[in-house]
Structure formats: C-alpha cells, structure tokens
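Observations on the model geometry
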Amino acid sequence: QVQLVESGGGLVQPGGSLRISCATSGTPLRFYAMSWYRQVPGKEREFIARIAGGNSNYADSVKGRFTISMDNAKTTVYLQMNSLEPEDTAVYYCNAPFLLTAIGVRRSGSGDYWGQGTQVTVSS
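About the criteria used
Residues numbered from 1 in each chain as written. Predicted model: local features only at pLDDT ≥ 70, side-chain atom pairs only at ≥ 80, totals over all residues. Heavy atoms only, no water. Helix = DSSP H or I, 4+ residues; strand = E, 2+ residues; numbered from the N terminus. Rg over C-alpha atoms; globule rule 2.2 N^0.38 Å. Buried < 20%, exposed > 50% of the residue type's maximum accessible area, 1.4 Å probe, protein only. Contact = heavy atoms within 4.5 Å. Polar contact = N/O pair within 3.5 Å; in protein donor to acceptor, adjacent residues only side chain to side chain. Core = buried A, V, L, I, M, F, W, Y, C linked by side-chain atoms within 4.5 Å. Pairing = 2+ DSSP bridges. Axes fitted to C-alpha atoms, helices over the stretch in contact; angles between N-to-C directions. Disulfide = S-S within 2.5 Å.

In this section: the overall build of the protein. Counting its regular elements, the protein contains zero helices and 13 strands. For the protein, the N- to C-terminal ordering of α and β elements is β-β-β-β-β-β-β-β-β-β-β-β-β. At 14 Å, the protein has a C-alpha radius of gyration in line with the 14 Å of a compact globule built from 124 residues. Along the first, second and third principal axes, the C-alpha atoms of the protein reach 50 × 30 × 25 Å. By the burial criterion, 41% of the 124 residues in the protein qualify as buried. Contacts in the protein between residues at least 24 apart in sequence constitute 57% of all its contacts with a sequence separation of at least 6.

Moving on: the side chain of T24. Following the sequence through the fold, T24 ends up in strand β3 (residues 18-24). A polar atom in the side chain of T24 sits 2.9 Å from the backbone nitrogen of L29. When near neighbours in sequence (up to four residues on either side) are disregarded, T24 contacts V2, Q3, L4, L29, T75 and L99.

Side chains of nonpolar character tend, in soluble globular proteins, to be buried together. Judged by nonpolar contacts, the single largest core of 30 residues is most densely connected at M34, W36, I68, L79, M81 and Y92. Mapped by element, the contributors of at least two residues to this core are β3, β4 (33-39), β5 (46-52), β7 (66-70), β8 (76-81), β9 (90-96) and β13 (118-122). Of the residues forming this core, the biggest block, four residues, is contributed by β9. Excluding anything up to four places from it in sequence, I68 contacts M34, W36, A49, R50, I51, S56, Y58, V77, Y78 and L79.

Here the focus is the sheet that holds β3. Spatial strand order, β1-β3-β8-β7: four strands in an open sheet with antiparallel pairing. Each end of this open sheet is capped by a strand with a single partner; those strands are β1 (4-7) and β7. Within the sheet, the average angular offset between the axes of one strand and its neighbour, ignoring direction, is 15 degrees. Alignment of β7 against β8, held across five bridges, turns out to be antiparallel. The residue of β8 that forms the bridge with S69 is Y78.

The next thing to look at is the state of the cysteines. If you walk through the whole model with that rule in mind, you get one disulfide. Each sulfur of the disulfide joining C22 and C94 lies 2.0 Å from the other. On the S-S bond that ties C22 to C94, the torsion sits near 60 degrees, and the link is right-handed. Of the two residues, C22 sits in strand β3 while C94 sits in strand β9, which places them 72 residues apart along the sequence.

Along the chain, the position of L79 falls in strand β8. Distance in space between the C-alpha atoms of L79 and G9 is 11 Å, their sequence separation being 70 residues. What L79 contacts, discounting residues up to four positions off in sequence, is L18, R19, I20, W36, I48, A49, F66, T67, I68 and Y92.

Listed below in structure tokens is the structure:
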C-alpha cells in the first residue's frame, strides 16, 4: 500500500532554518502536483505551498521565507523553511491529489494522499 512519508522536522530557534521532505513509501513514485499544509491543535489545517507543472505558489504567511521544490526524478518534494518564527510551530503534512507510475496515474481510494506529518517546533 502506497503512503506518503514526511521527514526532517525538529526543534529550531527563532530565525533558524529547517528543510523537510516528502516521498512515497516503498518503491518511489512520482509527483506532478504536491502541496504542504500545517496544523496546530484546535485549528484548521492551513495551506502553505504548492508546486505543479514547474510553478509554485505560497501562502502570504510564508512567502519570501519558505521555498517548495522537487528533485529531478520528481520522487521527493522539499520545503525549505528559513527565518522561522514561533508561529510556524505546527505539524507539517504533504498532500498529493494523485501519483505517477511508469504506466499512468495512481489515485487513492479514499481521496487525496496524505502523510502522517512531521513536527516543527520553533522556540527559544
């Protein structure tokens, strides 16, 4: 069963940087469109960044500080987070509406693909 897996979270001081990543479990599959979201307890999940078709866009709250990218094989998506602030503290999730295999599109039977999340804590 294919799952998304986030990694790279941790504790960082305000003003610091982290890079988190997302990839499929098991045999690598490719992304076309992928987004990062974050969520804190008691609040709705918040859109952070999206990459698709070579283009990217960002929420105003992270624009100029965060950068989304893919590796050349399109099997790993990254979120580079710079100038981190305490309000960036959250669980960060990756999301993909579908995945690309060698022969076509693979879709989840339960909707979009989601990972389990990786915790990012910004604190002094």
